[in-house]
Amino acid sequence: MPGLDDDLARIPLADLEKPGNPALALFKAAGGTGLLIPTEQGGDGATPLEAVRVQRAIGARSPSLGVATTMHHFSVASLAEASLGDGWEWMLLEGIATGRLLVASGFAEGRTGAAILSPTLRAVRHGDGLLVTGSKKPCSLSRSMDLLTASVAVTDEDGRDRMAVVVVPVDSPGLEVRPFWNNFVLAGAESDEVVLKDVEVPGRLVVMTENTEDQQPDELQTSGFIWFELLVTATYLGAASALVEGVLEAGKADAVERAALAIEAEAAMAMLEGVARAMEAGERGPEMLARVLCVRYAVQDAIGRINRKAVELLGGMSYIGSSDAAYLTAACAGLMFHPPSRTHMSGQLCEHFAGRPLRIG
């Protein structure tokens, strides 16, 4: 993404985090939409290791841009690993890369009283395709997306539900965006509500996924979770790394304290890079997902320690003179709320460590 870092660095953080900021346009102009698309389809073909490094760098410049682009990359990676049949996936990914299209994620995630794998969208058969109804909130990139990817529950003729992944162009009749995000923190990620009312999705843009029992994710869902946890954790570590960078540049604190802060951040990144390298080597499945979740929660704890210490070392005058440190600290709290939360997964992880299959729902 040549030039993107310099362009972002010239814009104050407060401006980058506002709704309607120029960051997403700069990201598109720099060719960022093709990061995870194979080179054969016009993309950059970035490896998992390269992707987490990129997301850390972007998160350090703008947490909102990091969160929004994480959703794009996660959606694209899921499409790349899905089979849409008849070569259509090749054309779709090539179109995203060459057209510099932004893809929003409407996949299922945690809601109070509902399983993580339970979609918020439902569909019925309509010819060779589906009619999709429901809403996804929050949905990052809601104002700038060109395509929406989403998981849906499909009611078959026998009354049973099956899971599917759909790709919906933003100009589809029946698709509407409504205000939802009321917090100034991460407002630049455009995380509003996307509503679908009998939106027609042709069969070529539908992928039926496997039915699973006991809340175990299928192969596509597992791969999607792995990508998501890697990229979103790297993004928030980037926001915390911006605070570390500020401490190092100020040079006021004792060298031992400054080094300890940088060591914590680099150790957290090394954990992320470790699972990224394993993924690059072909490791997938529930064991890999469990490992990625462990790293995500460990890095989440490290970010909390980094933020507290960095703000202390920057000092009161820095805190008074600029809102950047306070904002970055507040933005980093967002990692706790991305699915699956540690509270939700603790029991499932204990069962998994005892030798039982990993459950997510």
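The structure under discussion appears in the preceding block.
We now turn to the structure provided with this report. (Residues numbered from 1 in each chain as written. Predicted model: local features only at pLDDT ≥ 70, side-chain atom pairs only at ≥ 80, totals over all residues. Heavy atoms only, no water.)

**A look at the overall build of the chain**
Thought 1: Each helix and strand counted, the chain has 12 helices and 8 strands in total.
Thought 2: Here the C-alpha atoms of the chain give a radius of gyration of 20 Å, agreeing with the 21 Å that 2.2 N^0.38 yields for 361 residues.
Thought 3: Across its three principal directions, the C-alpha atoms of the chain cover 70 × 50 × 40 Å.
Thought 4: The buried share of the chain, taken over its 361 residues, is 51%. (Helix = DSSP H or I, 4+ residues; strand = E, 2+ residues; numbered from the N terminus. Rg over C-alpha atoms; globule rule 2.2 N^0.38 Å. Buried < 20%, exposed > 50% of the residue type's maximum accessible area, 1.4 Å probe, protein only.)

**Some remarks on the side chain of Ser64**
Thought 1: Here Ser64 is to be found in helix H5 (residues 63-81).
Thought 2: From its side chain, Ser64 meets the backbone nitrogen of Gly188 in a polar contact 3.2 Å long.
Thought 3: Ignoring sequence-local partners within four residues, the contact set of Ser64 consists of Leu16, Glu17, Leu186, Ala187, Gly188, Ala189 and Tyr327. (Polar contact = N/O pair within 3.5 Å; in protein donor to acceptor, adjacent residues only side chain to side chain. Contact = heavy atoms within 4.5 Å.)

**Examining helix H4 (residues 48-61)**
Thought 1: With 14 residues, H4 should reach 20 Å at 1.5 Å per residue; the first-to-last C-alpha distance of 20 Å fits that figure.
Thought 2: Considering only its buried residues, H4 is in contact with helix H1 (4-9), helix H3 (23-29), H5, helix H7 (219-250) and helix H8 (255-280). (Expected span 1.5 Å × (residues − 1).)

**Quick look at the packing of H5 against helix H6 (residues 88-98)**
Thought 1: Across the interface, H5 lies against H6 with an axial gap of 10 Å and an inter-helix angle of 155°. Compared by their axis directions, H5 and H6 come out roughly antiparallel. Regarding H5 and H6, the two cross each other, and that crossing is left-handed. Residue-level contacts link His72, Val76, Leu79 and Ala80 of H5 to Leu92, Leu93 and Ile96 of H6. (Axes fitted to C-alpha atoms, helices over the stretch in contact; angles between N-to-C directions. Parallel < 35°, antiparallel > 145°, perpendicular 65-115°, else oblique. Left-handed = near helix turned anticlockwise from the far one by under 90°.)

**Some thoughts on the side chain of Ser223**
Thought 1: With respect to the element layout, Ser223 can be found in helix H7.
Thought 2: Setting aside its immediate chain neighbours within four residues, Ser223 contacts Glu81 and Arg284.

**Some thoughts on the nonpolar core**
Thought 1: Within the largest apolar cluster, 112 residues are counted, with the highest numbers of intra-cluster contacts made by Ile96, Leu130, Leu148 and Val152.
Thought 2: At 17 residues, H7 tops the list of elements feeding residues into this core.
Thought 3: Those residues within four positions of Ile96 in sequence are excluded, and the remaining contacts are Thr33, Ile37, His72, Val76, Leu79, Leu101, Val103 and Leu147. (Core = buried A, V, L, I, M, F, W, Y, C linked by side-chain atoms within 4.5 Å.)

**Structural notes on the state of the cysteines**
Thought 1: Counted according to the given criterion, the structure contains 0 disulfides.
Thought 2: Just so you know, Cys294 is unpaired, no disulfide at all, and the nearest cysteine sulfur is the one on Cys350, 10 Å from it. (Disulfide = S-S within 2.5 Å.)

**Topic: the pattern of salt bridges**
Thought 1: On inspection of all chains with the given rule, the structure shows 16 salt bridges.
Thought 2: In this structure, Arg10 and Asp7 form a salt bridge, with 2.5 Å as the shortest nitrogen-oxygen distance.
Thought 3: Judged by its relative accessible area of 60%, Arg10 falls in the exposed class.
Thought 4: On the basis of relative accessible area, Asp7 is assigned to the partly exposed category, the value being 25%.
Thought 5: Taking the shortest distance from any N to any O, the salt bridge between Glu266 and Arg56 comes out at 2.8 Å. Placement of Glu266 in helix H8 and of Arg56 in helix H4 is noted, with a sequence separation of 210 residues between them.
Thought 6: A residue is classified by how much of its surface remains accessible, and Glu266, at 45% relative accessible area, is partly exposed. (Salt bridge = Lys/Arg side-chain N within 4 Å of Asp/Glu carboxyl O.)

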